[in-house]
2 protein chains.
Amino acid sequence: MAELTPVPDYDDALRSACSKCNLRELCLPSGLSNEELDQLDSLIRVRRFYRKGEHAYRAGDPFDSLYAVRAGFFKTNLLNEDGRDQVTGFHMAGELMGLDGISTDQHPCDAVALEDSELCVIPFSRLEELSREAPSLQRHLHKIMSREIVSDQSVMMLLGSMRAEERLAAFLLNLSQRMTARGYSPSEFYLRMTREEIGSYLGLKLETVSRVFSRFQNEALIAVQQKHIRILDIPKLRTIVGQSC
Amino acid sequence: MAELTPVPDYDDALRSACSKCNLRELCLPSGLSNEELDQLDSLIRVRRFYRKGEHAYRAGDPFDSLYAVRAGFFKTNLLNEDGRDQVTGFHMAGELMGLDGISTDQHPCDAVALEDSELCVIPFSRLEELSREAPSLQRHLHKIMSREIVSDQSVMMLLGSMRAEERLAAFLLNLSQRMTARGYSPSEFYLRMTREEIGSYLGLKLETVSRVFSRFQNEALIAVQQKHIRILDIPKLRTIVGQSC
DNA sequence: CGCGCTGTTGAAACTTGTCAAAGTTTGTGG
DNA sequence: CCACAAACTTTGACAAGTTTCAACAGCGCG
């Protein structure tokens, strides 16, 4: 199981506070005043470490906290009554998981670490309390939830109207853009997920994912070597995404 | 353009208040105390009527209100930069539209009346104010937003892993269930949208939608006559949805 | 060092899309 | 109220894209 680490015990207590976190501009604290930041610090007391393959939560677990990815990489996947299994998202540093659990007080999906990772645990009732006193936090929370709705809708658009090549191109560009926002290279990264997980997320079979990667490589759009990806021609990928209109 | 109707001018002012609305158990007021209901009433002052085809808002319009469907039927659709157009949802009485606008302070999609309809306008800043004072309203708002995330994810699942027949079966069952929740027949209703709009929502071409309806009809699962649908065999539709696992 | 998981590639089958034509309904203007 | 046009629906034949099944290669973990 994941270890529990109360913040004060941590090596460098400063770096663990939201106010000092280098992800604060991407994450929940974005746009808060110093005072609000201090209150947020007092709320987020626990971080947990997960080894690759460990679950942060499972479908059916009671919901009481949101989880902010502090380091590492997660997938969430939904397991339907009828046994269908689909990856609903990939989550990197600074992103929030668990918003889908609020509606039923249960997590509807599993969250699995795809590499060794670290999460900040955000007790939701206390976050609600705090956001009743801090309008800008309240608004920010609403914006984060709304952003999740918007991004799910753009996945719906992708799944509903794009062909395999367009989906993969959009997927790579999305990853690239999120890496850039975190200060990493926009054109070179390791995929932490398998072809099957990519396929599941994009509504494709793993063989199709593999074939499209090979095709992109032949056309010198990317260089793939297993999980290592270099994007060679971002503009061309963009034209592929916007193609079929 | 849509007419503006301040509530006091309305024929029967009582029926227009949330506290007296027959949709209150489905809509925003669900689960509130009487006192909170009164406050909500004071906030929702304007309703608007829309003729079939009219827009409640368009992509790019500034966001400042949520809209609750009081009567009628709406679709929302997203128009991508690259000209792709996709229906992202159908909305019936008691359902909230516009949550996706919070994140950017602009509506990302169009909302169009598919029949003559009526919306309650809910000024979002005032709703936030009120929810700072009424924890149960706050929680309820969060649940509604979360429910939207969950339902978008189940559409992702549908688009990502179901074949045409399963999608249509799931779609019909979903409509049936929502009709039932509103006190209508679970098995007989009018579709307010075209085959093309259904297809757009489900990631299919209109011809495919039409063919699957015909197939269902031949198999005596439904009886279709243009927009009039009777569902004849709900259990069998259910088995179709849960088939491919 | 080998076994298992992951990834690649090929050929055939299947599903859905495309194009086309004709039928039906709806709405508008005379 | 009727006639006509426009929009929507149905159906068929064919094409294209994706999946399925299968075989094999490579990498990584125990």
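Residues numbered from 1 in each chain as written. Chains lettered and ligands numbered in written order. Predicted model: local features only at pLDDT ≥ 70, side-chain atom pairs only at ≥ 80, totals over all residues. Heavy atoms only, no water.

Student: Please clarify how the overall build of chain A should be interpreted in this entry.
Tutor: For chain A, the count of helices and strands is 8 helices and 12 strands. Against the 2.2 N^0.38 benchmark of 18 Å for 245 residues, chain A shows a C-alpha radius of gyration of 19 Å, consistent with a compact globule. The C-alpha extent of chain A, read off along each of the three principal axes, is 55 × 40 × 35 Å. Every one of the 245 residues in chain A was classed for burial, and the buried ones make up 56%. Sequence separation of 24 or more characterises 72% of the internal contacts of chain A that already satisfy a separation of 6 or more. Summed over its atoms, the accessible surface of chain A is roughly 11,000 Å², and 47% of this surface lies on carbon and sulfur atoms. When the 30 basic and 35 acidic side-chain charges of chain A are each reduced to a single mean position, those positions are 6 Å apart. (Helix = DSSP H or I, 4+ residues; strand = E, 2+ residues; numbered from the N terminus. Rg over C-alpha atoms; globule rule 2.2 N^0.38 Å. Buried < 20%, exposed > 50% of the residue type's maximum accessible area, 1.4 Å probe, protein only. Contact = heavy atoms within 4.5 Å. Areas by Shrake-Rupley, 256 points an atom, 1.4 Å probe, with all protein chains shown as cover. Lys, Arg positive; Asp, Glu negative; His and termini not counted. Charge placed at Lys NZ, Arg CZ, Asp CG, Glu CD.)

Student: Looking at this structure, I do not really get the relation of the copies chain B and chain A. What am I missing?
Tutor: For these two chain copies, the linking operation is a rotation about an axis paired with a shift along it. If you rotate chain B by 180° and push it 0.0 Å along the axis, it lands on chain A with an RMSD of 0.0 Å. Taken together, the rotation and translation relating the two chain copies correspond to the operation of a two-fold axis. Relative to the rotation axis, the closest C-alpha in chain B is found at Arg132(B), a distance of 2.2 Å. (Least-squares fit on C-alpha atoms with pLDDT ≥ 70 in both.)

Student: I tried to follow the side chain of Ser117(B) on my own but got confused; where do I start?
Tutor: All names here are of chain B. Checked against the element boundaries, Ser117 lands in strand E9 (residues 117-123). Ser117 gets classed as buried once you look at its relative accessible area, which sits at 6%. At 3.1 Å, the side chain of Ser117 and the backbone nitrogen of Phe73 are in polar contact. Among the polar contacts listed, one links the side chain of Ser117 to the backbone oxygen of Glu115, at a separation of 2.7 Å. Contact partners of Ser117, with chain neighbours within four places excluded, come to Arg48, Phe49, Tyr50, Ala71, Gly72, Phe73 and Phe74. (Polar contact = N/O pair within 3.5 Å; in protein donor to acceptor, adjacent residues only side chain to side chain.)

Student: Please clarify how the pairing of strand E6 (residues 85-92) of chain A should be interpreted in this entry.
Tutor: Side chains on a regular strand alternate between the two faces of the sheet. The element E6(A) is extensively covered by neighbouring structure, given that 7 of its 8 residues are classed as buried. The turn joining strand E5 (residues 73-79) of chain A and E6(A), which pair antiparallel and follow one another in sequence, is formed by 5 residues; a positive phi near 85° is taken by Gly83(A). (Pairing = 2+ DSSP bridges.)

Student: What is the right way to read the packing of helix H5 (residues 164-181) of chain B against helix H8 (residues 234-241) of chain B from this model?
Tutor: Residue and element names in this part refer to chain B. Remark: H5 packs on H8, axes separated minimally by 8 Å, with the N-to-C direction vectors making an angle of 130°. Between H5 and H8, the interaxial angle falls into the category oblique. The handedness of the crossing between H5 and H8 comes out as left-handed. Contact residues: H5 offers Glu165, Glu166, Ala169, Ala170, Leu173 and Ser176, while H8 offers Ile234, Leu237, Arg238, Ile240 and Val241. Grouping the constituent residues of the contact of H5 with H8 by class yields 7 nonpolar, 1 polar and 3 charged. (Axes fitted to C-alpha atoms, helices over the stretch in contact; angles between N-to-C directions. Parallel < 35°, antiparallel > 145°, perpendicular 65-115°, else oblique. Left-handed = near helix turned anticlockwise from the far one by under 90°. Nonpolar A, V, L, I, M, F, W, Y, C, P; charged D, E, K, R; others polar.)

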